[in-house]
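Tertiary structure, described
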Amino acid sequence: ACDICGEDMSMSIGIPNGVIEFPGQPAITCLELQLDGAAGLISSTMCDRIPLVANSICGCNPSCSVCGDGKEVDFPDAIVDFPGQAPISCGNLQLNGFIGSIRPDECDQIPDLIDEVCGCDPRTPEPTPEPTPEPTPADTPEPTPEPTNPACDICGE
């Protein structure tokens, strides 16, 4: 028997409809390939090579949180660009991680690479404004008394 995810993986296929193409062979789904392996239809030489190909296509890896444990992307439509890879949205990258398409060694490195673009840090809530104090009434000044000047004798009054 041949486990297409690898003998030591003991992982289930996360993407049974994933399609694998081997040179000179018709395309086959991961589920069909696994069934052929279980039926003993895959040679041991070929079986040793299959996990390298099937691993990411069939989702054989453990689930991977691309932002780190317990975190999810805040900006699923943002695009990340890894050298040598096609650009991918943060949401699709996260989905690939959840279904086991990302190898554990790659998964460990991804959070640092996508943190800023995908918004992996828990969002900081907007600060709560200080409550507006109740208005304090201003003290009403005492009225200015009428001038108490003595009458002017010079003016003839």
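Residues numbered from 1 in each chain as written. Predicted model: local features only at pLDDT ≥ 70, side-chain atom pairs only at ≥ 80, totals over all residues. Heavy atoms only, no water.

What follows covers the side chain of S65. With respect to the helices and strands, the residue S65 is situated in the loop between α2 (44-57) and β3 (79-80). Residue S65 is classed as buried on the basis of its relative accessible area of 17%. Polar side-chain contacts of S65 include one of 2.6 Å to the backbone oxygen of G68. The contact partners of S65, leaving out residues within four places of it in the chain, are G70, K71, F98, C107 and P111. (Helix = DSSP H or I, 4+ residues; strand = E, 2+ residues; numbered from the N terminus. Buried < 20%, exposed > 50% of the residue type's maximum accessible area, 1.4 Å probe, protein only. Polar contact = N/O pair within 3.5 Å; in protein donor to acceptor, adjacent residues only side chain to side chain. Contact = heavy atoms within 4.5 Å.)

All right, on to the environment of N61 then. Counting through the fold element by element, N61 comes out in the loop between α2 and β3. With 56 residues separating them in the primary sequence, N61 and C5 have C-alpha atoms 8.1 Å apart. Looking at N61, its side chain comes within polar contact range of the side chain of N55, at 2.6 Å. A distance of 3.4 Å separates the side chain of N61 from the backbone oxygen of I102, its partner in a polar contact.

That's the geometry; what it means functionally is another story.
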